[in-house]
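# Topology and contacts: notes
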Amino acid sequence: MDRVPVLKIGDMLLVSIQVDLSDRLASQLQEDLADRIVATGAHGVIIDITGLDIVDSFVGRMLATIATVSRVLDAETVVVGMRPAVAITLVELGLALKGIRTALDVDRGIALLRDLRAPVDGAPAGDDEAEQAPAGVS
Amino acid sequence: MDDKTGKRLASLLAEHRDPVLEAWATTVRETLRGRLARAELSRQLEEIYGALQSALEGGAVAADDPAAAELRDVLAELSRNRARQGFSATETAISVFGLKDALLAVLPTKDSQVLADYARFSLMVDKLGLFTFETYVSARDAIITEQSAQLLELSTPVVKLWDGVVAVPLIGTLDSVRSQLVMERLLQALVETGSPFAILDITGVPAVDTQVAQHLLKTVVAAQLMGARCIVSGIRPQIAQTIVSLGIEFDEIVTKANLADALQYALREIGLEVGGGRRRPAAVEG
């Protein structure tokens with residue numbers, strides 16, 4: 001039985017969608033993801049759609065649902081790696097995917113999630129030029 | 001189809017060379033209305049005349065004869081030049097057809113053999129005229145295709161301003177074809193350079209109506225979907241007035257008055273501080 005793998009990296013979950021999503025696969029993914037967030041206590045979800053050639057209204061709504069469900073479970077969702085053609089199609093269809101955070105690639109997605117968590121944790125990630133004031137640097 | 005016809009015509013042309021050329025040049029000059037220098041026109045016509053003469057001597061009595069290859073080359077070059085110089089199709093065709101009248105004027109019309117030869121000659125010139133016309137049209141087509149491609153190239157450069165910031169300076173009216181191209185190029189550039197910031201500079205866009213605004217909004221939303229942020233800069237006072245009076249919602253888009261402000265904003269968002277002219281540049285931290 002096909003499943004989209006959900007990988008745990010630190011306190012984040014990474015989902016890389018490589019095949020066209022059937023309706024069944026999409027709802028399976030929604031369930032799996034909700035389960036995994038609760039099981040691992042993850043604070044962020046990264047959905048990589050680099051492999052998707054087509055994003056229709058169904059997949060668009062699935063992404064929005066995942067984002068909402070995750071937020072209820074205290075995890076932020078970032079969709080990364082959308083192809084230009086996909087973005088153009090979505091815009092032409094009038095699907096702006098409101099409420100979904102996006103980033104260019106997985107790296108930037110991780111950085112974005114860290115930035116989102118940083119104010120709560122109080123300690124910004126030190127490895128890249130984050131927006132927080134580099135107060136202690138001398 | 002005997003090549004004697006060609007030979008006889010060639011000797012006729014040789015015999016009446018000067019008066020025929022003179023009459024031909026006059027006819028053509030009238031239609032061109034002095035837009036081509038007299039000397040140059042004469043040179044062109046002499047070249048055609050010479051090529052025609054040698055084609056006839058070689059036995060060519062039809063325009064597509066192998067012996068007329070040189071003649072066709074000369075004519076093709078003439079019509080290509082005329083197309084580039086902006087002459088009309090009629091003016092170009094008359095440059096060839098004029099030869100018939102010019103030759104008829106000097107022929108001994110009593111001679112039936114000569115008349116029969118002239119009929120063949122006339123047929124050949126007609127073919128040559130059509131050939132010229134076709135070359136003219138294809139030259140025009142090539143020019144038009146070339147120019148529209150150049151225009152599109154010219155209009156949509158995506159430039160990298162800084163590490164992580166790309167910009168598109170838009171110049172001229174935005175129609176749906178162009179804005180589609182701009183959108184594709186910009187999104188592609190975002191992927192290739194991995195830039196989280198894009199600046200759309202509309203300083204060169206003469207007017208913004210609802211359609212143009214719609215295109216801009218689409219581009220901005222598409223960039224956001226891919227995870228980049230879009231800044232619109234270069235909005236002139238009149239355009240700002242138009243946007244407001246048309247009731248176009250630009251709420252969610254960051255807009256800046258000029259490209260410099262937009263770049264500064266993007267750099268600041270990335271986490272780089274640039275000392276502006278208005279403030280004293282602070283010492284670089286750390």
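Everything quoted here is computed from the prediction, not taken from an experiment.

Within chain A one finds 4 helices and 5 strands. For chain A, the sequential pattern of α-helices and β-strands runs β-β-α-β-α-β-α-β-α. Relative to its 138 residues, chain A shows a buried fraction of 38%. Residue pairs at least 24 apart in sequence account for 69% of intrachain contacts in chain A once pairs closer than 6 positions are excluded.

Here we take up the overall build of chain B. Within chain B one finds 10 helices and 5 strands. A total of 286 residues make up chain B; the buried ones form 43% of that total. In chain B, the proportion of contacts linking residues at least 24 apart, taken out of those at least 6 apart, comes to 71%. Working note: accessible area of chain B is about 14,900 Å², and carbon and sulfur atoms make up 55% of it.

Residues and elements named next belong to chain B. It is the contact of helix α2 (residues 17–32) with helix α5 (residues 89–106), at a shortest axis distance of 8 Å, that shows an interaxial angle of 145°. Between α2 and α5 lies a crossing of right-handed hand. Taken together, the residues of α5 that come into contact with α2 (itself represented by P19, V20, A23, W24, V28, T31 and L32) are E91, I94, S95, V96, G98, L99, A102, L103 and V106. Taken together, the residues that form the contact of α2 with α5 break down as 12 nonpolar, 3 polar and 1 charged.

For interface size, the figure often reported is the accessible area lost on association. Residue-level contacts link 20 residues of chain A with 22 residues of chain B. Both sides of the chain A and chain B interface together cover about 1,700 Å² of buried area, and 65% of this is carbon and sulfur. Taken together, chain A and chain B are joined by 1 salt bridge. The salt bridge partner of K218(B) is E92(A), with a shortest N-O separation of 3.2 Å. Summed over the shared surface of chain A and chain B, the result is 4 residue pairs in polar contact (both at pLDDT 80 or more). At the level of secondary structure, the elements contributing two or more residues to the side of chain A that touches chain B comprise α3 (84–93) and β5 (101–103) of chain A.

The subject of this paragraph is the side chain of S233(B). All names here are of chain B. Within the secondary structure, S233 is located in strand β4 (residues 229–233). Polar side-chain contacts of S233 include one of 2.7 Å to the side chain of D201. Discounting chain neighbours no more than four positions away, the residues touching S233 are I199, L200, D201, I202, T203, K256, A257, N258, L259 and A262.

For chain B, per-residue confidence averages 83 on the pLDDT scale, and residues scoring 70 or more make up 93% of the total. For this predicted complex, the interface confidence score (ipTM) comes to 0.70, while the overall pTM stands at 0.61.

Residues and elements named next belong to chain B. With mixed pairing, the 5 strands of this open sheet are ordered in space as β1-β2-β3-β4-β5. Unpaired on one side and paired on the other, β1 (159–162) and β5 (254–256) mark the two borders of the sheet. In this sheet, adjacent strand axes meet at a mean angle of 30° when their direction is disregarded. Helix-sheet contacts for helix α8 (residues 210–225) involve β2 (165–171), β3 (197–204) and β4, and the interaxial angle to β3 is about 165°.

Interhelical geometry of α3(A) versus helix α7 (residues 176–193) of chain B gives an angle of 135° and a closest axis separation of 9 Å. Classified by the interaxial angle, the pair formed by α3(A) and α7(B) is oblique. Both α3(A) and α7(B) take part in a crossing whose hand is right-handed. Judged by residue contacts, P84(A), A87(A), I88(A) and E92(A) of α3(A) engage Q180(B), M183(B), E184(B), L187(B), Q188(B) and V191(B) from α7(B). Taken together, the residues that form the contact of α3(A) with α7(B) break down as 6 nonpolar, 2 polar and 2 charged.

Another aspect to go through is α2(B). Residue and element names in this part refer to chain B. The terminal C-alpha atoms of α2 lie 22 Å apart, and with 16 residues this matches the ideal 22 Å at 1.5 Å per residue to within 8%. Close packing links the buried residues of α2 with α3 (38–57), α4 (69–85) and α5. Positioned one or two residues after α2, R33 has a phi angle of 50°, which is positive.

So, on to the sheet that holds strand β1 (residues 6–9) of chain A. One key point about sheets: their strands pair by backbone hydrogen bonds, in either a parallel or an antiparallel sense. Residues and elements named next belong to chain A. Taken in spatial order, the 5 strands line up as β1-β2-β3-β4-β5 in an open sheet, and their pairing is mixed. The open sheet has two edge strands, β1 and β5, and neither has a second partner. Across the sheet, the mean angle separating the axes of adjacent strands is 25° when strand polarity is ignored. Pairing of strand β2 (residues 12–16) with strand β3 (residues 44–48), which is carried by 5 bridges, proceeds in the parallel orientation. By the bridge assignment, L13 is partnered in β3 with V45. The strands that helix α2 (residues 57–72) touches are β3 and β4 (76–80); relative to β4, the one it contacts most, it runs at about 150°.

Here we come to the confidence of the model for chain A. Overall, the prediction assigns chain A a mean pLDDT of 81, with 85% of residues at 70 or greater. Considering each helix and strand of chain A separately, the mean pLDDT is smallest for helix α4 (residues 106–121) of chain A, with a value of 82, and largest for β3(A), with 93.

For D74(A), which is not glycine, the phi torsion reads 65° and is therefore positive. Relative to the elements of secondary structure, D74(A) occurs in the loop between α2 and β4.

Scoring rules and cut-offs
- Residues numbered from 1 in each chain as written.
- Chains lettered and ligands numbered in written order.
- Predicted model: local features only at pLDDT ≥ 70, side-chain atom pairs only at ≥ 80, totals over all residues.
- Heavy atoms only, no water.
- Helix = DSSP H or I, 4+ residues; strand = E, 2+ residues; numbered from the N terminus.
- Buried < 20%, exposed > 50% of the residue type's maximum accessible area, 1.4 Å probe, protein only.
- Contact = heavy atoms within 4.5 Å.
- Areas by Shrake-Rupley, 256 points an atom, 1.4 Å probe, with all protein chains shown as cover.
- Axes fitted to C-alpha atoms, helices over the stretch in contact; angles between N-to-C directions.
- Left-handed = near helix turned anticlockwise from the far one by under 90°.
- Nonpolar A, V, L, I, M, F, W, Y, C, P; charged D, E, K, R; others polar.
- Buried area = accessible area lost by both parts, 1.4 Å probe.
- Salt bridge = Lys/Arg side-chain N within 4 Å of Asp/Glu carboxyl O.
- Polar contact = N/O pair within 3.5 Å; in protein donor to acceptor, adjacent residues only side chain to side chain.
- pLDDT = per-residue confidence, 0-100.
- Pairing = 2+ DSSP bridges.
- Parallel < 35°, antiparallel > 145°, perpendicular 65-115°, else oblique.
- Expected span 1.5 Å × (residues − 1).

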